[in-house]
Amino acid sequence: MSTEPETDPTTITPTLVTRPAGSPMDELVALTLEPGGVIVTGWLDADTVGRMNDEIDRYLRGHPDDGAPDTGSELYDRFLGRRTVRLHGLVAKLPETAPALIADPRLVEWATAVMRPSCTSVLLNAGELIQIGPGEGAQYRHRDTDSWPALPPAETPFVVNAIVALDDFTLDNGATHVAPGSHHWPVGRGAQPNELARAVMRAGDAILFRGDLVHGGGANTTDARRRAVSLSYCVGWLRTVENHAANLGLDAIDRAPQPLRDLLGGGVHDASDRGGGMLGLVDGRRPGSAS
Ligand SMILES: O=C(O)CCC(=O)C(=O)O
Ligand SMILES: [Fe+2]
């Protein structure tokens, strides 16, 4: 009789596929579609991470009361996290670093390629600082597509998300829980503990995943923050979670360089060559075009 301890299948947790920055885009797109997500190491270099953290620190020092959830819904505030700082409108709040992060050509190419079957252009759904504070509990596991409960399941997602780590993500400070393959699960099916991988990452790494994958922020049992920026992009015909026009103002969106302007909703979604319509017109013209 073997003295080896028997492997308990309930303790075997999945791992996340990892690729280095600079990997071929079609590989990152394929891994996003199946098994649903990929960690990219070295997505941002140390200098960029440092500049982002400095700018965020400066902003938070000047606005110490910003970022607490106050949506008017007790349930939704709990989902966002009472010990978590969340900021939208990053283009205005972090003007030195956020525009390049959000309009990173690699992210725009990736998001556009993953969602191409369902749209002709993509929007920034939300660009969000998510800083999980000490004592925060694990976030309710969800799909980001839950934001639109009437959306039907689809082969390719209507939302994708890139969570860029600005601190090391550890098992103790809130590394994101992710259930690979869960985009195939029926709506409402929860994840068992042994179905959840953890996005343990170094600062500067990113996890790219489809928005219909079951996931959630982890509990932070340390005495330090876990800081990330979540960059979520959606098909160009969905109402975005973040209200860019209210956060930034229409003029600022209009003045933004491309592709940022279109990502923030300053362009149109043109499905006319697919037999569809054009969304976002102003008196029958594309916004910003001469009248
Ligand atoms: O902060 C994280 O790790 C995940 C957060 C998240 O999934 C969300 O807020 O939708
Ligand atoms: Fe999420």
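Residues numbered from 1 in each chain as written. Chains lettered and ligands numbered in written order. Predicted model: local features only at pLDDT ≥ 70, side-chain atom pairs only at ≥ 80, totals over all residues.

(A) Layout of the overall build of the protein chain. In terms of helices and strands, the protein chain carries 9 helices and 12 strands. Compactness check: the protein chain gives a C-alpha radius of gyration of 19 Å against a globular reference of 19 Å for 291 residues, within 12% of the reference. Seen through its principal axes, the protein chain has C-alpha atoms that stretch 85 × 45 × 40 Å. When each of the 291 residues of the protein chain is scored for burial, the buried share is 41%. Across the protein chain, the fraction of contacts at a sequence separation of at least 24, relative to all contacts at a separation of at least 6, is 76%. (Helix = DSSP H or I, 4+ residues; strand = E, 2+ residues; numbered from the N terminus. Rg over C-alpha atoms; globule rule 2.2 N^0.38 Å. Buried ≥ 20, exposed ≤ 12 C-beta atoms within 10 Å, placed from the backbone. Contact = placed C-beta atoms within 7 Å.)

(B) Just the packing of helix α1 (residues 25-33) against helix α6 (residues 105-115), in detail. Two elements in contact, α1 and α6, have axes whose closest approach is 10 Å; the angle formed by their N-to-C orientations is 50 degrees. On the basis of the axis angle, α1 is oblique to α6. In this structure, α1 meets α6 at a crossing whose hand is right-handed. Between α1, through Met-25, Leu-28, Val-29, Thr-32 and Leu-33, and α6, the contact on the second element is made entirely by Glu-109, Trp-110, Ala-113 and Val-114. The class makeup of the residues in the contact of α1 with α6 is 7 nonpolar, 1 polar and 1 charged. (Axes fitted to C-alpha atoms, helices over the stretch in contact; angles between N-to-C directions. Parallel < 35°, antiparallel > 145°, perpendicular 65-115°, else oblique. Left-handed = near helix turned anticlockwise from the far one by under 90°. Nonpolar A, V, L, I, M, F, W, Y, C, P; charged D, E, K, R; others polar.)

(C) Main features of unusual backbone geometry. Note that the residue after Glu-34, namely Pro-35, is joined by a cis bond; omega there is 10 degrees. The residue Pro-35 is located in the loop between α1 and β2 (37-41) in this model. Of note, the bond from Gln-258 into Pro-259 is cis; its omega dihedral lies within 30 degrees of zero at 5 degrees. In this fold, Pro-259 is placed in the loop between α8 (250-255) and α9 (260-263). For Asp-283, which is not a glycine, the phi torsion comes out positive at approximately 50 degrees.

(D) Expanded view of the sheet that holds strand β4 (residues 122-132). Spatially, 7 strands are ordered β1-β2-β8-β5-β10-β4-β3 in an open sheet, and the strand pairing comes out mixed. Across the chains shown, the open sheet's two edge strands, defined by having one partner strand only, are β1 (18-20) and β3 (84-87). Recorded for the sheet is a direction-independent mean angle of 20 degrees between the axes of neighbouring strands. Two elements, β3 and β4, share 4 bridges in a ladder whose sense is antiparallel. Paired with Val-85 across the strands is Gln-131, a residue of β4. (Pairing = 2+ DSSP bridges.)

(E) View of the nonpolar core. Membership of the largest hydrophobic core comes to 66 residues, with the highest contact counts inside it found for Ile-102, Val-164, Ala-199, Ala-206, Ile-207 and Leu-208. Here this core takes 7 residues from β4, the largest share from any one element. Non-local contacts of Ala-199, meaning those with residues more than four positions away in its chain, are made with Leu-16, Ile-39, Phe-169, Ala-175, Thr-176, Val-178 and Ile-207. (Core = buried A, V, L, I, M, F, W, Y, C linked by C-beta atoms within 7 Å.)

(F) Up close: the site of ligand 1. Near ligand 1, the surroundings consist of Ile-130, Gln-139, Asp-144, Ile-163, Thr-176, His-215, Gly-216, Gly-217 and Ala-228. Across the shell around ligand 1, the residue classes tally to 3 nonpolar, 5 polar and 1 charged. (Near = placed C-beta within 6 Å.)

(G) Region of interest: α6. What α6 keeps buried is the set Leu-107, Trp-110, Ala-111, Val-114 and Met-115. For α6, the angular spread of buried residues about the axis comes to 110 degrees, placing them on one side. Tucked inside the fold, the buried residues of α6 contact α1, β4, β5 (159-165), β8 (206-210) and β10 (226-235). (Arc of directions from axis to C-beta.)

(H) Broad picture of the sheet that holds strand β9 (residues 215-216). With antiparallel pairing, 3 strands are arranged side by side in an open sheet as β7-β6-β9. Two strands bound the open sheet, and with one partner strand each, they are β7 (197-198) and β9. Judged from the 2 bridges that link them, strand β6 (residues 177-178) and β7 form a sheet pairing that is antiparallel. Its bridge partner lying in β7, Val-178 is registered against Ala-197.

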